[in-house]
Structure formats: C-alpha cells, structure tokens
Amino acid sequence: MTQKQQYQQAINASQQAQQAIQSALANENPQLFQQAQQQLEKAQQQLQEVQQSWFLM
C-alpha cells in the first residue's frame, strides 16, 4: 500500500468515526459513542503513523 493510500484510508476511517459519533449522539447511545471514540482514536493513530513515515523520508 502506498503512503497516499494509507493516508486516504486513515482519513476515511476518521470520517466514518465522526459519523458514528454523530449518530450515537443523535440516538443517545453511550455504547455506540464509546465504540466510535475508539474508532476515531485508531484513525488518528493511523494518520500520525503516516505523517511520521513521511517525515522520515
């Protein structure tokens, strides 16, 4: 996978997580909200890893 693909994947993941958070809030579902938060954290980690690998080049 290229870095551009990795970056796009991380962005997609964070957008999905944000949508999940919004629907969790709309449905007042704390369990869903927690899952979405974890998703968002993973996506942020992915983004940081991609950024770090760019800086190392």
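Remember, it's a predicted structure, so these values are computed and weren't measured experimentally.

A. Expanded view of the packing of aromatic side chains. Scanning all chains against the criterion turns up 1 aromatic pair. Aromatic side chains tyrosine 7 and tryptophan 54 sit 5.1 Å apart centroid to centroid with 45° between the ring planes, which places their arrangement in the tilted category. Of this pair, tyrosine 7 sits in helix H1 (residues 3–26) while tryptophan 54 is found in helix H2 (residues 30–56), placing the two residues 47 residues apart along the sequence. Note on tryptophan 54: relative accessible area 35%, which makes it partly exposed.

B. Region of the structure containing the nonpolar core. If you look at the biggest cluster of nonpolar residues, it comprises 5 residues: Ala17, Ala20, Ile21, Ala36 and Leu40. Contributions of two or more residues to this core are made by H1 and H2. Top contributing element to this core by residue count: H1, with 3 residues. When near neighbours in sequence (up to four residues on either side) are disregarded, alanine 36 contacts Ala17, Ala20 and Ile21.

Rules used throughout
- Every chain begins its residue count from 1, and numbering advances along the sequence as written.
- Only residues with pLDDT of at least 70 are given local features in this predicted model, and only at 80 or more are side-chain atom pairs given and counted; all residues enter the totals for whole chains, interfaces and linings.
- Note that water and hydrogens are dropped before the side-chain values are worked out from all heavy atoms of the structure.
- Centres within 6.5 Å are what make two rings of Phe, Tyr or Trp a pair, Trp counting through its six-membered ring; a difference in plane orientation under 30 degrees is then read as stacked, over 60 as edge-to-face, and the rest as tilted.
- What counts as a helix is a DSSP run of H or I of at least four residues, what counts as a strand is a run of E of at least two, and both are numbered from the N terminus.
- Burial classes: relative accessible area under 20% of the type maximum marks a residue as buried, over 50% as exposed, and values in between as partly exposed (1.4 Å probe, protein chains only).
- Here, the term nonpolar core denotes a set of buried Ala, Val, Leu, Ile, Met, Phe, Trp, Tyr and Cys residues that are joined through side-chain atoms within 4.5 Å.
- Residues count as neighbours in contact if any of their non-hydrogen atoms are within 4.5 Å of one another.

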